[in-house]
Amino acid sequence: FGGLALLLAAVGLYGTLSYNVARRRNEIGIRMALGAASGAVLRSVLREAGVLVVLGLLLGGVAAWASTRFVASFLYGLSPTDATVFVTSVLALVLAAAIAAALPAWRATRVDPMVALRAE
């Protein structure tokens, strides 16, 4: 179930970022036409992904910490507040988010400025 949840989180982030990049295609093209480097566009999309991931990790971490008392009976061989499990979970989520954000960010750097200018 954990792997399925990680896959769903990665697909959800990928879909959200792909939609935002498609919605902002004209804006990105105009920025590139005005001289923005593809690295700046890449950082912009990755920053947007980072904000979503950090917000999700903070809210999820608080919810996980608060629910440890309720799930303690389901854990065998682990304490409910095992720091190794929390750190490993955060690292797995960050890795999955980085992989999910890579394709939309790369796609944003490939926007043709002329197509965006013609659309306006």
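Remember, predicted model here, so these are calculated numbers, not experimental data.

> Please give an account of the overall build of the protein that cites residues and values.
From N to C terminus, the protein includes six helices and zero strands. Start at the N end of the protein and walk to the C end: the helices and strands fall as α-α-α-α-α-α. Projected onto its principal axes, the C-alpha coordinates of the protein cover approximately 60 × 20 × 20 Å. Burial statistics for the protein: of 120 residues in total, 22% are counted as buried. When contacts within the protein are restricted to residue pairs at least 6 apart in sequence, those whose partners lie at least 24 apart make up 82%. Only carbon and sulfur atoms are counted for the fraction: they give 71% of the accessible area of the protein, which is about 8100 Å². Considering the protein, the positive charge centre built from 10 side chains and the negative charge centre built from 5 side chains are found 1 Å apart.

> Now, about the pattern of salt bridges: what can you tell me, with residues and values included?
Evaluated as defined, the whole model comprises three salt bridges. Across the pair Glu27 and Arg24 runs a salt bridge, and its minimum N-O distance is 3.2 Å. Relative accessible area serves as the criterion here: at 16%, Arg24 is assigned to the buried category. Overall, the relative accessible area of 32% leaves Glu27 in the partly exposed class.

> Can you lay out the packing of aromatic side chains for me, pointing to particular residues and giving the numbers?
A full pass over the atoms with the stated rule returns one aromatic pair. On the basis of an interplanar angle of 50° and a centroid distance of 5.6 Å, the ring pair of Trp65 and Phe86 is categorised as tilted. Residue Trp65 is located in helix H3 (residues 38-66), and its partner Phe86 is located in helix H5 (residues 83-109); the two are separated by 21 residues in the primary sequence. Assessed through its relative accessible area of 25%, Phe86 is described here as partly exposed.

Scoring rules and cut-offs
Residues numbered from 1 in each chain as written. Predicted model: local features only at pLDDT ≥ 70, side-chain atom pairs only at ≥ 80, totals over all residues. Heavy atoms only, no water. Helix = DSSP H or I, 4+ residues; strand = E, 2+ residues; numbered from the N terminus. Buried < 20%, exposed > 50% of the residue type's maximum accessible area, 1.4 Å probe, protein only. Contact = heavy atoms within 4.5 Å. Areas by Shrake-Rupley, 256 points an atom, 1.4 Å probe, with all protein chains shown as cover. Lys, Arg positive; Asp, Glu negative; His and termini not counted. Charge placed at Lys NZ, Arg CZ, Asp CG, Glu CD. Salt bridge = Lys/Arg side-chain N within 4 Å of Asp/Glu carboxyl O. Phe/Tyr/Trp six-rings, centres within 6.5 Å; stacked < 30°, edge-to-face > 60°.

These figures come from the coordinates and say nothing about function on their own.
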